[in-house]
Structures are given as structure tokens and as C-alpha cells.
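Here is what each chain is made of, one letter per residue.
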Amino acid sequence: MNAVSSPLDVLYRTRSCDGFRIVPVYRRLDATLAGRIVNLWERHRLLPEQADPTRRLDTVVCVAFDPFGELAAVNSARRVHLDGRLLFDYRIFIRPRNGVPRLKVEMTRSARELLARVPLEQPPEALLLSFANPRLNRDEVIRELTAAGYRQWLTPRGRAAWLYEFDPSQRL
């Protein structure tokens, strides 16, 4: 039986989802996994042409491995200042062949729970979700986000987004 030695251990626990393993890695990336993430980003052309992918590794929050141990998904959250607030701007990429809807939900939940509680010197106030894909603005998605505690928000540039406000008293 494994004893939990600290509250951080709970935040960094691996989760299972439909045969995938979701692993929180925020600020804990090793060189091997970092290389696999960069390879995934480059293979799927996820970054602008001139971008240095190694500079973005510090934003990676969770990764997911498929049942064969291949890297299947990566989410990230970069700090942004919007409307006078410090927020985490959330992004997720799941390989097309691994587009299991529940994986997206569990990856986002894992990232949100970690980022809401991990000790940071200047913690952002909320997690910001914005969807480039208009199909994600369907009624069932809106109901799920609302039930999970997100609220609709307009960015200063007028983009529709969702905010999940962190409770500062929950931070470790």
C-alpha cells in the first residue's frame, strides 16, 4: 500500500480514463518526456513555424499516454494578463486517432485541479478556456461547463470564453 506523503502527491497522481493514463507533469518534466512532447508538437505542426518549442515546455500541465504507452495528448496553460487579471490560458491537443470525448474532459479536469492548488509565487486567478472550434459551443458542452463551475466570459477583445475561478483558500 502506497502512503501519500504530502498534499502535492495527491495533485500529481496518475489517473485512468478509457484505457489512457493521464499524468500531471507541471514543473516536473524530465528531458525524455520533454523530447517526446516536442516531437508530438512538431509532427502535428502545432506551433508557429519560428516558435522554439522548448520555450513552451514550462506551460505543459498534463500528458496522456494511450494503452500502448504512446504519447496521445498534451495540455498546457500559459500565464496571461487579460482585463487586469492574471489567468491561465488553457490549450489541449489530442492526437486525432485518440479523440475520445471523455479524455478531453478528464485532461481538462486534471489540469484545472492541479493549477487551482499548486503553490505558486504569483498564482493566476482563474483558468481560461476559449474554443476555436465552434462545435464546442453546443448546448451539451455549455451545460457540462456550467455544471463544472465555469462561467461564460467575454475577453477584452470580445471573444467568447469560459472562466473557472480558483478559490485562493484551496491553494497549498
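Our subject is the structure that appears above.
Let us look at the structure shown here. These numbers were taken from a predicted model, which means no experiment stands behind them. Position numbers for residues start from 1 in each chain and track the written sequence from start to end. With pLDDT at 70 or above as the cut-off, local features in this predicted model cover only qualifying residues; side-chain atom pairs require 80 or more to be listed or tallied, and sums for whole chains, interfaces and linings still use all residues. The side-chain numbers reported here are obtained from all heavy atoms of the structure, hydrogens and water having been left aside.

### Some words on the sheet that holds strand β7 (residues 151-154)
Formally: Only strands that DSSP links by at least two bridges are regarded as paired with each other. By definition, any uninterrupted DSSP run of H or I lasting at least four residues is a helix, any uninterrupted run of E lasting at least two residues is a strand, and each is numbered from the N terminus. Axis definition: a line fitted to C-alpha atoms, over the contacting stretch in the case of helices. Angles run 0 to 180 degrees between N-to-C directions.
The eight strands lie next to each other as β1-β2-β3-β4-β5-β6-β8-β7, forming an open sheet whose pairing is mixed. The two strands at the open ends of the sheet, each matched to only one other strand, are β1 (15-17) and β7. If you compare each strand with its neighbour and ignore which way they point, the axes differ by 30° on average. Where strand β6 (residues 126-129) lies against strand β8 (residues 160-165), four bridges are found, and the strand directions are antiparallel.

### Description of the pairing of β8
As paired elements, β7 and β8 share four bridges and run antiparallel to each other. Across the sheet, Trp 153 pairs through a bridge with Ala 161, a residue of β8. The hairpin turn running from β7 into β8, its antiparallel successor, is five residues long, and Gly 158 in that turn takes a positive phi close to 85°.

### Notes on the pattern of salt bridges
Rules: In the sections that follow, a salt bridge refers to a side-chain nitrogen of Lys or Arg positioned within 4 Å of a carboxyl oxygen of Asp or Glu.
Taken as a whole, this structure holds eleven salt bridges when the rule is applied. The partner of Asp 18 in a salt bridge is Arg 102, and the shortest N-O contact between them spans 3.0 Å. With a gap of 84 residues between them, Asp 18 in the loop between β1 and β2 (20-24) and Arg 102 in helix α4 (residues 101-117) connect regions that are remote in the sequence. Through salt bridges that share partners, Asp 66, Glu 70, Arg 95 and Arg 97 make up one connected network.

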